[in-house]
Amino acid sequence: MFTRDPLADPEPLIRRVHAYVAYRIGEGADADDVTSTVFENAVRYRDTYDPWRGQPLPWLLGIARRCVAQALVGRSVDRTPVDELELTTGRDLERDAVERLMLHAALSALGDDDRELIALRYGADLSTRRIAELVGKTPNAVDVAIHRALARLRAALEQPPTERNDLPDAAEGRV
Amino acid sequence: MRAWGRKRDELERRLRANRPEPSSELTASITGRLGAHRRPNRLGLALAVGLTTAALATLGAFGGVGYASSAAHSLGHTLNVSQHGKSDAAKGQQEKGKGNQGNQGVKGDQASSADDQYRGKTTICHRTHSAKNPFVVISVSNNALPAHKAHGDTLVGPGGTCPGPPIP
């Protein structure tokens, strides 16, 4: 009866869900579409939200993870190396823009699990405990996995862009 | 080891700093759609109804409703009297040249809310049998007047003097 509306204050939720989605599938129209879909589904299933089980953000990220999975399946055929194109044109942009593009390019070279963890930790800004609840692992295992994901991301960032597509993790991570 | 930690911190900082932000159009469109499907704040409504019921129940249990009603009645009476007083005072001003009758009328009509407290009572000079202070002025119930009369009490004389005229 006394269900709190999980979407009462949507703006911070939109920012964090969008950051998660964009880290997961890359920035752009796709990320915007998936973010919109997440909130459409959230409105539809709003009554299933139980405030006793947690904050609205993890609930929304549960919806977002399913939406991202669907988006990645739809992308399996035409995964174009957009990040590379952006990176070459990015040479003329300012330093922070280049850094951002490089980061996203390196992220796209990571495996699915690594990218998921980085998106949850640094995109949605979830704590290790919340991530552990979402992905069904122990907090310790999540910490170790994030540590490894960061190591792989650093390696991807240190490699020149041309070599990035040959990374074993990249092939493994793409659907 | 320390260098590794620094590198990790730097990478985390970059990941947080470069966190993708939604465009204002996207935020506005989602917020707009959510606004159209906004759920009424059931919790707030339930809380308001609950608190009101609890307050009424508490007031009822301690006679607060009767007290509030009596206070409201007294306030209404006071306002009414002051209205009368004002209009009579205006009349008195008009009749100032004709004598003091108008003003006396005003005085007679001006009842304060405290008069309610003395309704059904009479102010009398009560005999004390004391040599120094033979009378005290008290208000007694009209029902007790015969007993006071038998005791030798009198009404209050003009100007509040005691003893006054005998109790009828």
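Residues numbered from 1 in each chain as written. Chains lettered and ligands numbered in written order. Predicted model: local features only at pLDDT ≥ 70, side-chain atom pairs only at ≥ 80, totals over all residues. Heavy atoms only, no water.

Asker: Now, about the packing of helix H1 (residues 10-25) of chain A against helix H6 (residues 112-123) of chain A: what can you tell me, with residues and values included?
Answerer: Residues and elements named next belong to chain A. Running from amino to carboxyl end, H1 crosses H6 at an angle of 155°, the nearest separation of the two axes being 8 Å. Regarding the angle of H1 to H6, the classification is roughly antiparallel. Classified by chirality, the crossing of H6 by H1 is right-handed. Across the interface between the two elements, Arg-16, Ala-19, Tyr-20, Ala-22, Tyr-23, Arg-24 and Ile-25 from H1 touch Asp-112, Arg-115, Glu-116, Ile-118, Ala-119, Leu-120, Tyr-122 and Gly-123 from H6. Of the residues contributing to the contact of H1 with H6, the split by class is 9 nonpolar, 1 polar and 5 charged. (Axes fitted to C-alpha atoms, helices over the stretch in contact; angles between N-to-C directions. Helix = DSSP H or I, 4+ residues; strand = E, 2+ residues; numbered from the N terminus. Parallel < 35°, antiparallel > 145°, perpendicular 65-115°, else oblique. Left-handed = near helix turned anticlockwise from the far one by under 90°. Contact = heavy atoms within 4.5 Å. Nonpolar A, V, L, I, M, F, W, Y, C, P; charged D, E, K, R; others polar.)

Asker: Any details on the layout of surface pockets? Residues and values, ideally.
Answerer: Residue and element names in this part refer to chain A. In this model, the second largest pocket occupies a volume close to 300 Å³. Taken together, 14 residues make up the lining of the second largest pocket; nearest its centre are Arg-53, Gly-54, Gln-55, Pro-58 and Trp-59. Broken down by secondary-structure element, the contributors of at least two residues to the lining of the second largest pocket are helix H3 (56-75) and helix H7 (128-135). It is H3 that contributes the most residues to the lining of the second largest pocket, 5 residues altogether. A class-by-class count of the residues in the lining of the second largest pocket yields 5 nonpolar, 4 polar and 5 charged. (1 Å grid on protein atoms, 1.4 Å probe; cavity = no way out; pocket = protein on both sides within 12 Å on 5 of 7 lines; lining within 4 Å. Points joined across faces, edges and corners; volume = space filled by probe spheres on them.)

Asker: Describe helix H8 (residues 139-158) of chain A, naming the residues involved and giving the relevant values.
Answerer: The end-to-end C-alpha distance of H8(A), which contains 20 residues, comes to 29 Å, matching closely the 28 Å that a straight helix rising 1.5 Å per residue would cover. Among the residues making up H8(A), those that are buried are A:Val142, A:Ala145, A:Ile146, A:Ala149, A:Leu150, A:Leu153, A:Arg154, A:Ala156 and A:Leu157. (Expected span 1.5 Å × (residues − 1). Buried < 20%, exposed > 50% of the residue type's maximum accessible area, 1.4 Å probe, protein only.)

Asker: Kindly report on the sheet that holds strand E2 (residues 135-141) of chain B, identifying the contributing residues and their values.
Answerer: Residue and element names in this part refer to chain B. Spatial ordering of the open sheet is given by E2-E1-E3, a layout of 3 strands whose pairing is antiparallel. What marks the edges here is a single partner per strand, and that holds for E2 and strand E3 (154-155). In terms of strand pairing, strand E1 (residues 121-127) meets E2 through 7 bridges, oriented antiparallel. Bridge pairing in E2 links Arg-127 to Phe-135. (Pairing = 2+ DSSP bridges.)

Asker: Help me get a handle on the state of the cysteines, residues and values and all.
Answerer: All names here are of chain B. Overall, the coordinates contain 1 disulfide over all chains when judged by the stated rule. Linked covalently through their sulfurs, Cys-125 and Cys-162 form a disulfide whose S-S length is 2.0 Å. Between Cys-125 and Cys-162, the S-S torsion sits near -80°, and that sign places the bridge as left-handed. Of this pair, Cys-125 sits in strand E1 while Cys-162 sits in the segment after E3, and the two are 37 residues apart along the sequence. Among the residues examined, Cys-125 registers a relative accessible area of 0% and is labelled buried. On the basis of relative accessibility, which here comes to 29%, the residue Cys-162 falls in the partly exposed class. (Disulfide = S-S within 2.5 Å.)

Asker: Would you mind going over the interface of chain B and chain A in detail, with residue names and values included?
Answerer: Between chain B and chain A, the residue contacts involve 27 residues of the former and 44 residues of the latter. Where chain B packs against chain A, one counts 3 salt bridges. The partner of A:Glu40 in a salt bridge is B:Arg33, and the shortest N-O contact between them spans 2.8 Å. Connecting chain B to chain A are 5 residue pairs in polar contact (both at pLDDT 80 or more). Listing elements by their share of the side of chain B that touches chain A, those giving two or more residues are helix H1 (2-17), helix H2 (24-36) and helix H3 (42-61) of chain B. Take the side of chain B that touches chain A: its biggest share by element is 9 residues, from H1(B). (Salt bridge = Lys/Arg side-chain N within 4 Å of Asp/Glu carboxyl O. Polar contact = N/O pair within 3.5 Å; in protein donor to acceptor, adjacent residues only side chain to side chain.)

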